[in-house]
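Here are the chains, one letter per residue:
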Amino acid sequence: MTQTTFHVRTPGPGLVEITEEVARWLPPRDGLLTLFLRHTSASLLIQENADPEVQTDLLAWLSRLVPPSIDPSLGYLTHTYEGPDDMPGHIRAMLLPVSLSIPVERGRMLLGRWQGLFVFEHRDRPHDREVAAHFLG
Amino acid sequence: MTQTTFHVRTPGPGLVEITEEVARWLPPRDGLLTLFLRHTSASLLIQENADPEVQTDLLAWLSRLVPPSIDPSLGYLTHTYEGPDDMPGHIRAMLLPVSLSIPVERGRMLLGRWQGLFVFEHRDRPHDREVAAHFLG
Amino acid sequence: MTQTTFHVRTPGPGLVEITEEVARWLPPRDGLLTLFLRHTSASLLIQENADPEVQTDLLAWLSRLVPPSIDPSLGYLTHTYEGPDDMPGHIRAMLLPVSLSIPVERGRMLLGRWQGLFVFEHRDRPHDREVAAHFLG
């Protein structure tokens, strides 16, 4: 059993890929990798990493489903004093994963051909995010 | 490896925090905690536990995204004989976590500073919910 | 520790139950089962398996939240060259689980009475999907 923490700097809303960084950390054994994001306004996500348009569209869609809290449609929200991106960030984080578990074979995550591993930032400004990692094998 | 079941009484729609109860159960070792909710109209959730307004807003937003099935916008639903809160409960449960995995360091979950652990009830009436817990370490 | 891959043929949009197939594979011990779907336009889901109307309604609701990309409401999407069901498939996959962890007792998953285990196909055509499985116990 091995544990570490990955530190990920995000530049604002959108996806930051961490596949390579996580892959390099894994020992060359069979096992199970668990990742856990220690924040309430960002998410982990596994999604297509081939065409960057997919990431653009995921952000565009989520930004429309949960717009900034100054949007009139969200006039009922009460937790608004931390800025118009804060409560929408919590809502987006409610909908996307905070933890992920991935089987590992001889040190290689069993990701599908098109799958990459991302931190999805929901706040407007850059943030330092921590991903706790646990490998058992 | 240790397993238990947490029994959680919910008072109707909204979040019931279980962070302390789960924390007390953990042995003082490194390991991996997995929680699994044994129901299809409630969820597990990790979210901010500092300001209760966040929980109010999460419920308010989800209740608008998936209103009771008597809402005209949901007139196409077919599974309505268990009450107007039943099928929306399943839909909400589809969107939020049923299982969570959290790395543990010397008996302490590696939750971020603002993260709490909740059962999110989607039905109108109080329910007895079971959370199966697995600790490996 | 044991690993395998389940191969699941999907007939197009909707849920394919895999509860029995997974249950048969488990060794008769206590442990932890982790499932991981190796695709970016399908999902894993635990939901009610008693009344098939629930599955019909889950698909109907999700299809309205994220319609085909030819829908005028999605005119801003850029990743459309793989067909009108492709980018919506990625969006739906963003919202539903890609991995699930379930405690196991004497070889039996601790599913609730109404819970079944499904692969949720988001693409229009039939697909061959792979679910990587890891059992630790």
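Residues numbered from 1 in each chain as written. Chains lettered and ligands numbered in written order. Predicted model: local features only at pLDDT ≥ 70, side-chain atom pairs only at ≥ 80, totals over all residues. Heavy atoms only, no water.

### Things to note about the relation of the copies chain C and chain B
As a reminder of what qualifies: C-alpha atoms of residues with pLDDT of at least 70 in both copies form the basis for the least-squares superposition of the copies. The criterion used for residue contact is that any of the two residues' heavy atoms lie within 4.5 Å.
In the superposition of chain C on chain B (RMSD 0.0 Å, axial shift 0.0 Å), the rotation amounts to 120 degrees. On the angle and the small slide along the axis, the relation comes out as a three-fold axis. Within chain C, the C-alpha atom positioned nearest to the axis of rotation is that of Leu95(C), 3.5 Å from it. A share of only 12% of interface residues in chain C that are also interface residues in chain B marks the association as one of differing surfaces.

### Quick notes on the interface of chain C and chain B
Inclusion rule: When two parts are brought into contact, each loses some accessible area as probed by a 1.4 Å sphere; the total of that loss over both is the buried area. Just to be clear on terms, a salt bridge is a Lys or Arg side-chain nitrogen sitting within 4 Å of an Asp or Glu carboxyl oxygen.
Each side of the interface is counted separately: chain C has 34 residues, and chain B has 29 residues. Approximately 2600 Å² of surface area, both sides summed, lies buried where chain C meets chain B, with 64% of it carried by carbon and sulfur atoms. Contact with chain B buries surface across chain C, with Asp57(C), Trp61(C) and Gln115(C) losing the most and accounting together for 24% of the total. Linking chain C with chain B are zero salt bridges.

### Considering the interface of chain B and chain A
Filter applied, for reference: Any pair of N or O atoms that falls within 3.5 Å is considered a polar contact. Within protein, one atom must be able to donate a hydrogen and the other to accept it, and sequence-neighbouring residues count only if both atoms are side-chain atoms. Here a strand is any run of E in DSSP of at least two residues, a helix any run of H or I of at least four, and the numbering for each starts at the N terminus.
Taken together, the contact between chain B and chain A spans 34 residues of the former and 29 residues of the latter. Of the roughly 2700 Å² buried at the junction of chain B and chain A (both faces included), carbon and sulfur atoms supply 64%. At the junction of chain B with chain A, the criterion picks out twelve residue pairs in polar contact (both at pLDDT 80 or more). Mapped onto the side of chain B that touches chain A, the elements with two or more residues apiece are strand S3 (31-37), strand S4 (42-48), helix H2 (52-65), strand S5 (99-105) and strand S7 (115-121) of chain B. It is H2(B) that contributes the most residues to the side of chain B that touches chain A, nine residues altogether.

### What about the pairing of S3(B)?
The criterion, for reference: Three exposure classes are used, based on accessible area relative to the maximum for each residue type with a 1.4 Å probe and protein chains only: buried under 20%, partly exposed in between, and exposed over 50%.
The element S3(B) is extensively covered by neighbouring structure, given that seven of its seven residues are classed as buried. Of the two faces of S3(B), the one carrying Gly31(B), Leu33(B), Leu35(B) and Leu37(B) and the one carrying Leu32(B), Thr34(B) and Phe36(B) are both buried.

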